Amino acid sequence: MDNTNLARISIKDIVMITIGTGFYGWSLININITNQLAEGGLSGITLILLALFNWNPAYTNLILNIPLLVIGYRVLGRRSFIYTIWGIMSLSFWLYVWQKFPMPPALHHDMLIAGLLAGIVSGIGLGIVFRFGGTSGGTDVIARIMEQKFGIQIGRTMFALDAVVLLMSLIYIDVIHMMYTLIASFVFAQVVSLTQQGAYTARSFMIFTDYPEEISHAIMAELERGTSLLKSEGGYSHREQRVVYAVVDPSEVSAVQHIIQEIDPKAFVSIITAQEQLGEGFSYLRPKKKFIFF
């Protein structure tokens, strides 16, 4: 395989990163700033500078990211480096646009709704950015450097940096607003994960049974799902047997359990949540579900 194809820049990725940073920038300007909610990471620092010195976050976002890009360009790799630059530039663009054309939602001073909405919108935005291989710069670059140089996990570094920035934000917000910020941060983390990885999670079955052929054929016949028969050996008995492996839609779990119960009630079954599935049956040929009447 030609490695240059792996680093190819996709127009679709660029467009989606732009859309994602648009959502994130809208949330920062129209919800966080309007309702005095803080933010973690480099974006949180830009909000601190805005509160203390009235510095425009559209410019400080660019300025603060420049040294990080200079330090981290070798860590990111060509494709990721280009996507990161684009993410930083597009975020600054949207921060400038949303300040010129503000569209704050009418929340009627409800801080709980503000925190929830900030987490949802910004989570969708950065989730899209991450899903299509981009970043918004900032702490993500620092975290990757720390992982490569010192072996510290990315998640730990980002959590520590976000915590430091949030504590610094107490300079300009009170404890009450900080608590609503923490609510926003929790919702943000959940939505980012959901958006980045996708809401479609399958269930994988590992079925240890004396009737592998029968169960395998029943799953294929009734659910039209492919199965695999894996060779295994008992750790205690050293008896060889075949294990049925199948990946199904969550709505089909009860049907598989019924099949197992009918054929071999004594079967040992392990059900695992499969976060992402690729290939026939779970990507381009995934069964389409209707939404209400459509």
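Our structure's up above, just so we're on the same page.
Being a predicted model, the structure only gives us computed values, none of them experimental.

**Remarks on the overall build of the protein**
Next up, step 1: The helix and strand tally for the protein stands at 11 helices and 4 strands.
Next up, step 2: Among the 294 residues that make up the protein, the fraction classed as buried is 43%.
Next up, step 3: A separation threshold of at least 6 residues defines the contact pool for the protein, and within that pool the share at least 24 residues apart is 74%.
Next up, step 4: Accessible area for the protein stands at about 17200 Å²; split by element, carbon and sulfur atoms hold 64% of it.

**What about the layout of surface pockets?**
Using a probe with the size of a water molecule, rolled over the atoms, empty space left in the structure can be pinpointed.
Next up, step 1: Quantified by volume, the largest pocket comes out at close to 730 Å³.
Next up, step 2: Lining the largest pocket are 36 residues, with Gly40, Gly41, Met158, Asp162 and Phe188 sitting closest to its centre.
Next up, step 3: The element contributing the most residues to the lining of the largest pocket is helix α9 (residues 175-197), with 8 residues.
Next up, step 4: Here the residues of the lining of the largest pocket sort into 18 nonpolar, 15 polar and 3 charged.

**Re helix α6 (residues 111-131)**
Next up, step 1: With 21 residues, α6 extends 29 Å between its outermost C-alpha atoms, agreeing within 8% with the 30 Å of an ideal straight helix rising 1.5 Å per residue.
Next up, step 2: Its side-chain oxygen placed 3.1 Å from the backbone nitrogen of Leu112, Asp110 serves as the N-cap of α6.
Next up, step 3: Trailing α6 by a residue or two, Gly133 shows a phi angle of about 85 degrees, which is positive.

Reading guide: rules and limits
Residues numbered from 1 in each chain as written. Predicted model: local features only at pLDDT ≥ 70, side-chain atom pairs only at ≥ 80, totals over all residues. Heavy atoms only, no water. Helix = DSSP H or I, 4+ residues; strand = E, 2+ residues; numbered from the N terminus. Buried < 20%, exposed > 50% of the residue type's maximum accessible area, 1.4 Å probe, protein only. Contact = heavy atoms within 4.5 Å. Areas by Shrake-Rupley, 256 points an atom, 1.4 Å probe, with all protein chains shown as cover. 1 Å grid on protein atoms, 1.4 Å probe; cavity = no way out; pocket = protein on both sides within 12 Å on 5 of 7 lines; lining within 4 Å. Points joined across faces, edges and corners; volume = space filled by probe spheres on them. Nonpolar A, V, L, I, M, F, W, Y, C, P; charged D, E, K, R; others polar. Expected span 1.5 Å × (residues − 1). Polar contact = N/O pair within 3.5 Å; in protein donor to acceptor, adjacent residues only side chain to side chain.

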